[in-house]
Every structure is written in structure tokens, then in C-alpha cells.
Amino acid sequence: MALGKLVAWIGRSCLGILGWKVVGDPPGEDRYVLIAAPHTSNWDFPMMLLYAMALGFRPSWVGKDSLFRAPFGWFMRALGGIPVDRSSPRNMVEQLAARFQAGAGLVLAMPPEGTRGYAPYWKSGFYHVAVTAGVPIGPSFLDYGRKQGGIGPLFRPSGNLREDMDALRAFYAGRLGRYPHLQGPVRLQAEDEVTAPK
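This report concerns the structure included in the present document.

Reading guide: rules and limits
Residues numbered from 1 in each chain as written. Predicted model: local features only at pLDDT ≥ 70, side-chain atom pairs only at ≥ 80, totals over all residues. Heavy atoms only, no water. Phe/Tyr/Trp six-rings, centres within 6.5 Å; stacked < 30°, edge-to-face > 60°. Lys NZ or Arg CZ within 6 Å of the ring centre and 35° of its normal. Helix = DSSP H or I, 4+ residues; strand = E, 2+ residues; numbered from the N terminus. Salt bridge = Lys/Arg side-chain N within 4 Å of Asp/Glu carboxyl O. Buried < 20%, exposed > 50% of the residue type's maximum accessible area, 1.4 Å probe, protein only.

**As for the packing of aromatic side chains**
Following the criterion strictly, the structure yields ten aromatic pairs and no others. Ring pairing ties together the aromatic residues Trp122, Phe126, Tyr127, Phe141, Phe171 and Tyr172, which thus form one cluster. Directly above the ring of phenylalanine 141 sits arginine 175, whose terminal nitrogen or CZ lies 3.8 Å from the centroid. The positively charged end of arginine 175 is found above the aromatic ring belonging to phenylalanine 171, 4.5 Å away from the centroid.

See the structure below:
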């Protein structure tokens, strides 16, 4: 058995033992921003790693640069961590877009809620990184209500923020995090700013 198939088998087997189901197929591309939602529990990260194994991709994720110092920096990198300077949100978008533009395959997982607690808006970084880098967005999900997870079809941001977010709202409708009362709406603050009266 090839290594990739063995890893996928291990991931699917572990999920099956836990009573979870894999929904959908892996995307056909190797460069995209992966939305990791809903995010309400520390369990979301290990579950995402199991789904990544099952679907045959290796996700990278963003962490503040202080997490990557000795003695555990090597471990964070081994788990797919990318250190960034988070002092400037715009600078962070450019740092991450540059990673994609380097040409290598990259699946960058970004939890847009930005916290495990309730937030009234999603953070827009995932959208800006995808637009700046010219890569598609892959909406992934963990639905604790149905005990299933996976990745939806990739899509490229159209430039129409409202339409793109409407598509994401439809995709995530009814999908429950481990703690549903901590889930905020699938909405960016910029949507309200666009429609606010002058």
C-alpha cells in the first residue's frame, strides 16, 4: 500500500472508530485557502488533522511567531505551522499571499471566527489572502450534529463580497460546531459597512 493511501486509511479508520463520516472528495488543486469552520472547541484542530489525513492533504496554519521559538518551534512547524508577524493585519495578508506566490503547493487553513468563543463577525483575512494570492477558497466543515466533515467545492472570489458570502452562508447553514451557542453568524463586518447609509 502506498504511503498516501495508508495515511488516508488511518485517517478514515480513526474517524470511523469515533463515529464520524467523511463527506465529499479532496479538491483537485493543491493551492487554496481552507476555511476551518465552525470553530468552537479545542477538539477542532485534531479533528481537522484526521480529516486532512483521510482526504489526502497536509494543511498549514498560521501562528504568531512567538509560538515557534525554542524549545517547541520544531514541533509547531512539523504540524504545519507557519510563523507570521501579526502586528499588522495587512502585512499578514501580504506575508501569506507571498507563500502562495512562491509556487509550491499550499493548503492554508484559516478559522475565520478567529476565536473559540462567540464573535459577531468572521475575520476577513481568509478572503483577502485568497484575492491577493489569486487562489481559490475551500470551505471545510466539522458538523458535530451529524458527526460528519469534509470540504465543499473550491471557488474563486468573484469580487462581489455579498454574493461570495451568500454562497458561504448557504454552505454552512445547519452545520453545528461542538458548542453551537458559541457559533457566530457567517458574516463579515465589511458587508454591513458596504450597505450602511452614507
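**Some thoughts on unusual backbone geometry**
Most peptide bonds take the trans configuration, and most residues that are not glycine carry a negative phi. In this chain, alanine 37 is followed by proline 38 through a cis amide linkage whose omega measures -10°. Looking at the secondary structure, you find proline 38 in the loop between β2 (31–37) and α2 (44–55). Here the amide bond leading from alanine 70 into proline 71 is cis, since omega sits at 10°, within 30 degrees of zero. Within the fold, proline 71 resides in the loop between β3 (59–64) and α3 (73–78).

**Section: the pattern of salt bridges**
Counted under the stated rule, the structure contains seven salt bridges. With a closest N to O distance of 2.5 Å, arginine 146 and aspartate 143 form a salt bridge. By relative accessible area, which is 0% here, aspartate 143 ends up buried. Across the salt bridge formed by arginine 162 and glutamate 191, the nearest N and O atoms sit 3.2 Å from each other. Separated by 29 residues along the polypeptide, arginine 162 in helix α6 (residues 161–172) and glutamate 191 in helix α7 (residues 189–195) bring together distant segments of the chain. Judged by relative accessible area, which is 1%, glutamate 191 ranks as buried. Each of Arg162, Asp166, Arg169, Arg187, Glu191 and Asp192 takes part in a single network of salt bridges with overlapping partners.

This is a description of form; function is not addressed.
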